[in-house]
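Read off the chains here:
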Amino acid sequence: MNMITFFIVGLVVHVVFFISIFDIYFTSPLVHGMTPQHVPLPPPAKRLVLFVADGLRADSLFKPDVNGTISAPYIRSIMKEKGSWGVSHTRVPTESRPGHVALIAGFYEDVSAVAKGWKENPVEFDSVFNESRHTWCWGSPDILPMFAKGASGDHVYTHTYSAEDEDFAATDASKLDTWVFDKVKAFFSSAKENETLFSRLHGEHNVFFLHLLGIDTNGHAHRPLSRECIENTKLVDAGVEEIVSVIEDFYGNDGRTAFVFTSDHGMTNWGSHGAGHPSETLTPLVAWGAGVQTAQKVTSQSFDDQFLQEWNLENLKRVDVNQADIAPLMSSLIGVPIPLNSVGVLPLHYLDNTELFKAESMYANSIQILEQFKVKMAQKKETTLSFLFTPYHLLAESKQLDFVRHARSLIQQGKYDEAIILCDTMISEAMRGLSYYHTYDRFFLGSSVVLGFVGWTSYVILVILKTHASLRKPHAHRDPILARSLGRVFLCVGVLVTFFLLIQSSPWTYYIYCLLPVPVWYSVFKEFGTIADLISSAPSLPLIKCFGYFVVVILGIELLVVSFFYRAMLTLGLVVLSVWPIVSQLYTQAKVRSLGWVLGCLFLAAFPLMPVVGREPNMHLVTCAGAATLLSSACFLWSSRRRTPLQWRDCQLYISQMIHVALCAYVLNSTHSSLKLKQGLPLFSQIVSWTTLVSSFVVPLLSSTHLFQRLLSISLSLVTTYLLLSTGYEALFPPMLCWLMFVWINIEQEAMNAQGVSTKLELSRIDFSENIDITKIRQLSLDDIRRSYFFVFFIITAFFGTGNIASINSFDPASVYCFLTVFNPFIMGALMMWKVLIPFVIVMCTFETIQVSTQLSSRSLFLIVLVISDLMALHFFFLVQDYGSWLDIGTSISHYVIVMSMTIFLMLLSIMSRVLTSKRIYIGRRRKMHFT
């Protein structure tokens, strides 16, 4: 198999492995075909008003400031006099779309929604809005349309401002909330003169939804504890009071309106959300009005946290809920069926109604969830062979019938408390049954993926041994009969697997996961000769040294795996790496370079110990990073003028790039100064930023292809973009990484010299554009395993050095303010991802350089890297299987996804690094460009 074919096959295999984790663990939980469940009793409210303060944390609403002042006095008075309150516990990802889906539809969104920026429905679902007679919504164009689109009929009316108004650089983001309040007041005022609208508004089962985005926008721009956010909270509180007064006056204080005030997610102190920090998952819930329990005084109550004392609410009964429980609560208050896909449990403590109403509502809730269980079971039964189907025995059909009869009997006998307890038990059992059928194929698919993974890794190892190691080659003549028989066996296996999946009506993705191991293992067994050759060569191999390398690499991989959970492990790894020249005796022949290596590792080791980026913006550190880059570049150009004289055009290019670094540092400071003064994003800064981003891909191609000159140009181009995307100490990371990479290139040459390689090249004379002399390409040695491990270690350090990118809240929107301030998840996400990949590219180009300077084919080292990264991914895949809690599973899945993404990026960026280092654009007099 040639390199191009191997690259394509490897890329496809890893993309399949990458996608598999979503099919196994993140398939949509939604099913269709259930029957809506009605409560046969009149509801307490005719209408419901839902206020959602986007991004509002529980403590931001409940906790008094140092002077004892409350930021939301009206809502506080509601809690003390006529409402119920508590903390709503959200789930990861703490983003706006999943939060609103949980609130209004009653289920937790699957990860497939991220592909649409959390803006659209990947799968159609039912909601409180859909079940209502009419719903009027005001707010963000990112949230409201998804509920109107998912509704059956035309009874959900949305009123949104333009997307351009969601500007993090806006003078006052609270204007978004003011817009909502003004529109609602104008709506009720106009309804008095519109008979049709007036009649609809006085009907039953109506919902009014006010989405308030100002707090979230101000939180991102100024941080949640800022004056702007506190003032915005006060504005929301005053707006809620005014809207309640308008609505009550409109309906003549008829006492048939229920109000719910909550939030979709919280926010960290550094202005981000998406992960599972308590500041992101704890949101406020306050309900009052028709059918809601009034404030209850208590003498004592017990919770695991100390919030009651911090919030001065020890004497007010606190009722916590899961976020999905709010949907059944709203449905019960206005008498509409609970959304069909809801997994929420009705929080009875919020209801002020008869015991009969509570029992009937809980019964409807339990039947609604049981209906989902029945549909899920039927679907799985239809797609599984009868003799292989294993039902959920704890909820067999007979037990379901017994429950329905017993629950109805208890309600008819007036034993409402017993009926409620029975329904609650049934809900818990049905939820476990839903989880059982939702994960029914997980072990089967996981086993198929692991089988393919192990096969692929085995094949790559065999390819390394066969084509790149100094072993005797396997016999040229194979037994053709054995080869044909082997092919027929695996063909039969493939046919059997296909037939098995076909009769079970399995999804098309199952065919990929289950059939992939067949050709992979066929390729492994075809290389039997290589295995036999390895066994026969074993006596001549340095087995003790090989075993020692194996143990060290396994321990190194374990250290990398642990570093995904604890960033400080990277510091430990860098400290260990720093003593490599001493252990290997390199310091005796290269004292200066060894000292540079030790200092570079120790300086870089400080970064994983620092807080995650974005928590404490510091533009002075970014300026220092720019100055350090200019100083190091100038020193390098001055020192290299004797070894490799620069052409004037190359000198002009480097000087212009250095000026560009200074310009970007100025642009960053001026942009953040302008935003701080609320003067908006300067057009000049935006033009410079986008021009810098685009030119960073082209400018290095204009430079000389001599090794260090090309690497300098690449570093300057990447650092300029990184500066524009920085907010603090992380701007120092690329210059420090470049220094260490420069030392690594030099010290690897000393390592080659220590090994007695006679064809060692002089680094300053290496030209990337020159054709490689195939006769000088050497075979792999054990030391190349060390080089490959160093590369993987530096790649992981590049990913996690300034923050854990497995956590969404590591990303600070302020990083992209030089480019845009209007909310756009795809562009912002792409810019942040490029920021993460810039250190990645620096390491990739360094590794490309080391492959050239150590006279090794690019395929050789790359295959070892592939094995190391695949072993890490396989480790995380097994961790996912072992963990019990969803939080631990989610963490391991995110790490698996990162390793697989890293491997895929390695394969793609290897091409990019090759182009960046070896290609050059010449600009002639006619301005024609061509590649050499």
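These numbers come from a predicted model, not from an experiment. (Residues numbered from 1 in each chain as written. Predicted model: local features only at pLDDT ≥ 70, side-chain atom pairs only at ≥ 80, totals over all residues. Heavy atoms only, no water.)

Topic: the overall build of the protein chain
Working step 1: Of regular secondary structure, the protein chain possesses 34 helices and 10 strands.
Working step 2: Relative to its full complement of 932 residues, the protein chain shows a buried share of 56%.
Working step 3: Restricting to contacts in the protein chain with at least 6 residues of sequence separation, those with at least 24 account for 80%.
Working step 4: Total accessible area on the protein chain is roughly 39300 Å²; 63% of this is exposed by carbon and sulfur atoms. (Helix = DSSP H or I, 4+ residues; strand = E, 2+ residues; numbered from the N terminus. Buried < 20%, exposed > 50% of the residue type's maximum accessible area, 1.4 Å probe, protein only. Contact = heavy atoms within 4.5 Å. Areas by Shrake-Rupley, 256 points an atom, 1.4 Å probe, with all protein chains shown as cover.)

Side note on the environment of His660
Working step 1: Within the secondary structure, His660 is located in helix α27 (residues 648–676).
Working step 2: The sequence separation of His660 and Thr720 amounts to 60 residues, and the corresponding C-alpha distance is 7.1 Å.
Working step 3: Aside from chain neighbours lying at most four places away, what touches His660 is Thr692, Ser695 and Thr720.

Examining the environment of His159
Working step 1: With respect to the helices, strands and loops of the structure, His159 is situated in strand β4 (residues 156–160).
Working step 2: Judged by its relative accessible area of 31%, His159 is partly exposed.
Working step 3: With residues near it in sequence (within four places) discarded, His159 still touches Trp136, Cys137, Trp138, Gly139, Leu144 and Trp179.

A look at helix α9 (residues 214–222)
Working step 1: Buried residues dominate α9, accounting for 7 of its 9 residues.
Working step 2: Restricting attention to buried positions, one finds in α9 the residues Gly214, Ile215, Asp216, Thr217, Asn218, Gly219 and His220.
Working step 3: Each element contacted by the buried residues of α9 is listed here: β1 (47–53), α7 (175–191), β5 (206–212) and α10 (227–250).
Working step 4: Positive phi shows up at Arg223, right after α9, with a value of about 85 degrees.

Points about the environment of Val236
Working step 1: Topologically, Val236 is positioned in helix α10.
Working step 2: Here Val236 falls in the buried class, since its relative accessible area comes to 2%.
Working step 3: Sequence-wise, Val236 and Phe181 are 55 residues apart; in three dimensions their C-alpha atoms are separated by 9.0 Å.
Working step 4: Beyond its immediate stretch of four places on either side in the chain, Val236 contacts Asp177, Phe181, Leu212, Ile215 and Phe261.

A look at the pattern of salt bridges
Working step 1: Under the criterion given, the structure shown has 21 salt bridges.
Working step 2: With a shortest N-O distance of 2.8 Å, Asp320 and Arg318 are connected by a salt bridge.
Working step 3: In this structure Asp320 comes out as partly exposed when scored by relative accessible area, which is 25%.
Working step 4: Using a relative accessible area of 4% as the deciding quantity, one classes Arg318 as buried.
Working step 5: Several salt bridges converge on common partners, so that one network encompasses Glu748, Asp783, Asp784, Arg786 and Arg787. (Salt bridge = Lys/Arg side-chain N within 4 Å of Asp/Glu carboxyl O.)

Section: the pairing of strand β2 (residues 83–89)
Working step 1: Among the 7 residues of β2, 6 are classified as buried, and the element is accordingly described as predominantly covered.
Working step 2: Of the strand pairs in this sheet, β2 and strand β7 (residues 282–289) are connected by 7 bridges, and their pairing is antiparallel. Of the residues in β7, the one forming a bridge with Ser84 is Ala287. (Pairing = 2+ DSSP bridges.)

Let's talk about the packing of helix α23 (residues 568–578) against helix α31 (residues 782–800)
Working step 1: Contact geometry of α23 with α31 gives a least axis separation of 11 Å together with a crossing angle of 140 degrees. Seen from above, α23 lies across α31 with left-handed handedness. In contact with Leu570, Gly573, Leu574 and Leu577 of α23, α31 contributes Phe790, Phe793, Phe794, Ile796, Thr797 and Phe800.
Working step 2: Taken together, the residues of the contact of α23 with α31 break down into 8 nonpolar, 2 polar and no charged. (Axes fitted to C-alpha atoms, helices over the stretch in contact; angles between N-to-C directions. Left-handed = near helix turned anticlockwise from the far one by under 90°. Nonpolar A, V, L, I, M, F, W, Y, C, P; charged D, E, K, R; others polar.)

So, the side chain of Asp870
Working step 1: Residue placement: Asp870 occurs in helix α33 (residues 858–882).
Working step 2: What makes Asp870 buried here is its relative accessible area of 1%.
Working step 3: Side chain to side chain, Asp870 and His14 meet in a polar contact 2.7 Å long.
Working step 4: Beyond its immediate sequence surroundings of up to four residues, Asp870 is in contact with His14, Phe453, Trp456, Thr457 and Thr903. (Polar contact = N/O pair within 3.5 Å; in protein donor to acceptor, adjacent residues only side chain to side chain.)

A look at the nonpolar core
Working step 1: By size, the foremost hydrophobic cluster in this structure holds 142 residues, and its most contacted members are Trp456, Trp597, Trp744, Phe791, Phe793 and Phe794.
Working step 2: No other element matches helix α32 (residues 825–853), which puts 15 residues into this core.
Working step 3: Setting aside residues up to four positions removed in sequence, Trp597 forms contacts with Leu577, Ser578, Trp580, Pro581, Leu740, Val743, Trp744, Ile747, Phe790 and Phe794.
Working step 4: Listed in part, the 65 residues of the second largest apolar core include Val52, Val319, Tyr363 and Cys423. (Core = buried A, V, L, I, M, F, W, Y, C linked by side-chain atoms within 4.5 Å.)

A short note on the sheet that holds β2
Working step 1: Ordered by their spatial adjacency, 8 strands build an open sheet running β4-β3-β5-β1-β6-β7-β2-β8, and the pairing between neighbours is mixed. On the outer flanks of this sheet lie β4 and β8 (321–322), each paired with one strand and no other.
Working step 2: Two strands pair when backbone bridges link them, and strand β3 (residues 134–139) and β5 are joined in this way by 5 bridges, in the parallel orientation. Looking at β5, one finds that Thr135 is bridged to Val207.
Working step 3: Lying on the sheet, α7 is in contact with β3, β4 and β5; it crosses β5 at an angle near 155 degrees.
Working step 4: Most of the contacts of α10 go to strand β6 (residues 257–262), to which it runs at about 170 degrees, and overall it touches β1, β5, β6 and β7.

A look at a nonpolar patch on the surface
Working step 1: A contiguous nonpolar surface patch, about 490 Å² in accessible area, is contributed by Phe547, Phe550, Val551, Ile554 and Leu555.
Working step 2: Note on placement: Phe550 falls in helix α22 (residues 543–563). (Patch = residues over 30% accessible without salt bridge, like charges linked within 9 Å, V, L, I, M, F, W, Y side chains within 5 Å.)

What about the packing of helix α26 (residues 619–640) against helix α29 (residues 707–724)?
Working step 1: Packing of α26 against α29 brings their axes to within 11 Å, and their N-to-C directions diverge by 170 degrees. Of the possible angle classes, the one that applies to α26 and α29 is roughly antiparallel. In this structure, α26 contributes Val622, Ala625, Gly626, Thr629, Ser633, Phe636 and Leu637 to the contact, and α29 contributes Phe708, Leu712, Leu716, Val719 and Leu723. (Parallel < 35°, antiparallel > 145°, perpendicular 65-115°, else oblique.)

Comments concerning the packing of aromatic side chains
Working step 1: Here the structure, examined in full by the defined rule, presents 55 aromatic pairs.
Working step 2: Both rings, one in Phe250 and one in Tyr251, keep their centres 5.0 Å apart while their planes meet at 85 degrees; by these two values the pair is edge-to-face. Of the two residues, Phe250 and Tyr251, neither departs from the other in class, the shared state being buried.
Working step 3: Clustering of aromatic rings is evident, with ring pairs tying together Trp136, Trp138, Tyr157, Phe187, Phe188, Phe198, Phe208, Phe250 and Tyr251.
Working step 4: Above the plane of the ring of Tyr251 lies Arg47, whose end atom (NZ or CZ) is 3.5 Å from the centre.
Working step 5: Lying across the ring of Tyr108, Arg91 places its NZ or CZ 4.0 Å from the centre. (Phe/Tyr/Trp six-rings, centres within 6.5 Å; stacked < 30°, edge-to-face > 60°. Lys NZ or Arg CZ within 6 Å of the ring centre and 35° of its normal.)

Concerning α29
Working step 1: If you check α29, its first and last C-alpha atoms are 27 Å apart, about what 18 residues at 1.5 Å a residue would give, namely 26 Å.
Working step 2: Across the 18 residues of α29, 18 count as buried, placing the element largely inside the fold. (Expected span 1.5 Å × (residues − 1).)

Thoughts on unusual backbone geometry
Working step 1: Here the bond from Val92 into Pro93 is cis, since omega is 0 degrees, no more than 30 degrees from zero.
Working step 2: Its place among the elements puts Pro93 in the loop between β2 and α4 (96–105).
Working step 3: Phi is positive for His205, which is not a glycine, with a value near 60 degrees.
Working step 4: For His205, the location among the structural elements is in the loop between α8 (195–201) and β5.

Focus on the pairing of β5
Working step 1: Counting buried residues along β5, 7 of its 7 residues qualify, which places the element largely inside the surrounding structure.
Working step 2: Of the two faces of β5, the one holding Asn206, Phe208, Leu210 and Leu212 and the one holding Val207, Phe209 and His211 are both buried throughout.

Section: the side chain of Ser263
Working step 1: Note that Ser263 resides in the loop between β6 and α11 (278–281).
Working step 2: At a separation of 2.9 Å, a polar atom in the side chain of Ser263 contacts the main-chain carbonyl oxygen of Ala53.
Working step 3: Of note is the side chain of Ser263, whose polar atom sits 2.8 Å from the backbone oxygen of His265.
Working step 4: Excluding residues within four positions of it along the chain, Ser263 makes contact with Val52, Ala53, Asp54, Gly55, Leu56, Leu103, Thr283, Pro284 and Gln323.

Comments concerning the confidence of the model for the protein chain
Working step 1: Per-residue pLDDT for the protein chain has a mean of 85; in total, 87% of the residues score no lower than 70.
Working step 2: In the predicted structure, residues 924–932 sits below a pLDDT of 50 and forms 15 contacts with residues beyond four places in sequence or in another chain. (pLDDT = per-residue confidence, 0-100.)

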